[in-house]
Structure formats: structure tokens, C-alpha cells
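Listed below are the residues making up each chain.
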Amino acid sequence: MKPPFLVLLLLLACTSGLPFYNGFYYSNSPESWGPGPGHGEGPFNGVKLVVETAEETLFSHRGANVTLPCHYRYEPALASPRHVRIKWWKLSENGAPEQDVLVAIGPSHRSFGDYQGRVHLRQDREREVSLEIRNLQQEDYGHYRCEVIDGLEDESSVVELELRGVVFPYQPRQGRYRLNFHEAQRACEEQGAGLASFEQLFRAWEEGLDWCNAGWLQDASVQYPITLPRQPCGGLGLAPGVRSYGRLHRRLHRYDAFCFAAALKGRVYYLEHPEKLTLTEAKAACQEDGAQMAKVGQLFAAWKFRGLDCCDAGWLADGSVRYPVAHPRPNCGSPEPGVRSFGFPDPQNHKYGVYCYRQS
Ligand SMILES: *[C@@H]1O[C@H](CO)[C@@H](O)[C@H](O)[C@H]1NC(C)=O
């Protein structure tokens, strides 16, 4: 591995600390409140609408149903309910535009785009306006804003949804630094994954990911995570961190990819088989077992979330050979847990075991 030649930026963004409450004090304008509660209680001075969601990031996984909590109240409390409009939308990030998710006025609801048919407003309790998202997709993670509109004023609060998943670096058969942005996107998709976002790479770095090759992220930046500064990898003078080359040309520049695989519902396993196999034989063997060859993202997810641990190297669908070690031990690769790679051996002349994937 050769060192990345230039380090433009050291990004150590703080990903927490988003405000979840920003109260707004109504001005003294009874017209905007209309007739209703409060009459006879004196002026509305100081009545405050408060909207609250979860302070903590919510974690879920692909295919799951998740509820993003949101409640509102008035301070001081009002005697009878008021009509409000609710709007849930997803904030823009990673270059994706802001997206409307759901609006509700009284009993009528409307959802938008990919969210149609998958989102519902949950109102189990009074003044609850939580958003349920069903069958979570890889693209669903991000920041969602719950907005409550009462008359002229509105208040909102933001909740973050993250998918449980694992970030892994990916190099194709052709070797290092061969992928432009579009090819990197495709390469991750072929591994049952997607390009990682900066937040996902940053979290992986916090959990110890250290990788000396730079890779594309979803926002078309090229970065690499270093936990242990060293000479062949940007030098000793740079602090640990996620190092960025900035956003590069999507077609002209070529790097590796950082992929993000969400946790899976199905099962990855090492196929018990009397003999070692070529790549073609391995594919047939998984099919005979009612399964498919596992993809790289599936192997990483099984290693990370199911503790898959096996010292036998096996073929994967992309023609690479790897094995997952959750509990390092002698004669089973390096002392760190991880997915070990043998690269892309000659598919006809080398024989290994195989990792299969079966949907649950
Ligand atoms: C999600 O909710 C739908 C509708 O209630 C249900 O049919 C489905 O089984 C749920 N999925 C999961 C993973 O719980």
C-alpha cells in the first residue's frame, strides 16, 4: 500500500449536539389563535408551543419498522385541543435534496415519493405525532424534522435515524484506485451495500477502522480513516482522523470505495462440503444448498452483527476469497477481529470453500 500523496483536510466533525428543542414564545395576538380554549383565561402572553423528539440517535436496520417519536404541548397547558398541522420532512445531506415525507391536517394524511405507503402518523396518545416508517431502506437514514403548525406559528424538532451497518473498504479485481465515483457506487451495490456517508465512515473510524487507501464516499468526496498515524500512510505528523482529499471529479478521478452494508435479515454461512471448489463449482454448491454465494457486504454484516467466525477461506460472489474472524486466535490471521482477504485468486486454478447466503 502506498501513502495517499496529499492530505488537504482533517475532518473531525462533531456529529452530536443537534438541538432538539427550540421553544417559541407566541406574541400577544389573540386573532391568530381564533376562538377556542383560553377564553376567559386572560391574555395569551407567554403561551409556548413545545415540540420534542428523541434526543438520542435512533438505530434500526434494513427491513425493520421504526417509529420516530414526536410530541408537542403548550406551556402552560391549554384546556382543550387545538387544530394543528403536522409536517415531517427529511433534511438535505450528502448532496441529496430536502424531502417531504408526510403532512397531516386533521384526519387527512398525505405522504410523498418513496415514502408513500410506508409512513404513518402514530397518535397513540394526545399530542403525539410520531412518524412510523415501515420496511426501512438503506437511503432512509438521516435527520428528520417534525414540525407542528398552529395558526401562524410553528415549532419543530429534529431526530436522527441511523441504520445499523458496517463500513468496509472495497477494491475491485483490477486492483487499487481503479474506480471513478459512478463505478464505486456500482461496486458497493454489487456487494449488497451502498457508498458510505461521511457520518458512517466517521463512526467506523471512532470504532477503530484504520485504512491506508482512500475511497469514495456518497457525497463524492474521497477520504480515508487513520487511527494510528504512521510513515507509509500520510506520515507521523498528522493527527489520527478521517483525512479528506475533498470532493473530486466524479468521472475523472479514480480511487477505492467505502461501502456501507446494513445489517441483514438472512444468514451467511460457510458451506460444509467434502472438497475444496473452484469459483464456478462454489456457485453451484450454494445453489444446490438452496442459497446463493454471499456478497462481500453480507459477509461483513454477518461478521459484525452475528459474530460470524470461521477460519476457513471461502469464495464470495465477486470472486474474492475471504474469511470472518470475530474471536482472534492463533493460526487464524492477525490478532484483531476482522474480515481477512486473500484478494481475487485465479478462479479456475485455485480451490477454496465457499460462503453462502440464504434469505430468512
Ligand atoms: C412492519 O409493520 C407491518 C404492518 O404492521 C407488518 O406487517 C410487518 O410485519 C412489520 N415488519 C416488521 C419487520 O416488524
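Just above, that's the structure.
Quantities reported herein were computed from a predicted structural model and do not represent experimental measurements. (Residues numbered from 1 in each chain as written. Predicted model: local features only at pLDDT ≥ 70, side-chain atom pairs only at ≥ 80, totals over all residues. Heavy atoms only, no water.)

1. Regarding the pattern of salt bridges
In the structure shown here, the tally under the stated rule is 18 salt bridges. The partner of E75 in a salt bridge is R73, and the shortest N-O contact between them spans 2.8 Å. Since its relative accessible area comes to 27%, E75 is described here as partly exposed. Between D124 and R122 there is a salt bridge, with the nearest N and O atoms lying 2.9 Å from each other. Note on D124: relative accessible area 54%, which makes it exposed. (Salt bridge = Lys/Arg side-chain N within 4 Å of Asp/Glu carboxyl O. Buried < 20%, exposed > 50% of the residue type's maximum accessible area, 1.4 Å probe, protein only.)

2. With respect to the site of the ligand
Close to the ligand lie G63, N65 and R134. In this structure, an oxygen atom belonging to the ligand sits 2.3 Å away from a side-chain N or O atom of N65. Here the ligand, which alone exposes 360 Å², has 34% of that area covered by the protein. (Near = heavy atom within 4 Å. Polar contact = N/O pair within 3.5 Å; in protein donor to acceptor, adjacent residues only side chain to side chain. Areas by Shrake-Rupley, 256 points an atom, 1.4 Å probe, with all protein chains shown as cover.)

3. Overview of the state of the cysteines
In total, this model carries five disulfides according to the counting rule given. In this model, C286 is linked to C356 through a disulfide, with the two sulfur atoms separated by 2.1 Å. Looking down the S-S bond of the C286 and C356 bridge, the torsion is -85 degrees, so its handedness is left-handed. Taken together, the positions of C286 in helix α4 (residues 279-288) and C356 in strand β25 (residues 353-358) put the pair 70 residues apart, joining distant regions of the chain. Side by side, C286 and C356 carry an identical accessibility label, which is buried. (Disulfide = S-S within 2.5 Å. Helix = DSSP H or I, 4+ residues; strand = E, 2+ residues; numbered from the N terminus.)

4. Some words on the sheet that holds strand β11 (residues 130-133)
Picture the strands of a sheet paired through backbone hydrogen bonds; they go either parallel or antiparallel. Strand order in the open sheet formed by three strands is β5-β11-β10, with antiparallel pairing between adjacent strands. A single partner strand is all that each edge strand has here, and the edge strands are β5 (66-68) and β10 (119-122). Across the sheet, the mean angle from the axis of one strand to that of its neighbour is 25 degrees, orientation sign disregarded. Relative to β11, β5 is paired through three bridges, and the arrangement is antiparallel. (Pairing = 2+ DSSP bridges. Axes fitted to C-alpha atoms, helices over the stretch in contact; angles between N-to-C directions.)

5. A closer look at the environment of Q123
Note that Q123 resides in the loop between β10 and β11. Taking the relative accessible area as the measure of exposure, Q123 reaches 45% and is therefore partly exposed. Q123 sits 52 residues away from H71 along the chain, and the two C-alpha atoms are 9.3 Å apart.

6. Points about the sheet that holds strand β12 (residues 142-150)
Overall, mixed pairing links the six strands, which are arranged β4-β13-β12-β7-β8-β9 in an open sheet. Across the chains shown, the open sheet's two edge strands, defined by having one partner strand only, are β4 (58-60) and β9 (108-111). This sheet shows a mean twist of 20 degrees between the axes of neighbouring strands, independent of strand direction. Bridging between strand β7 (residues 85-90) and strand β8 (residues 99-105) involves six bridges; their strand directions are antiparallel. Among the inter-strand pairings, R85 is bridged to a residue of β8, identified as I105.

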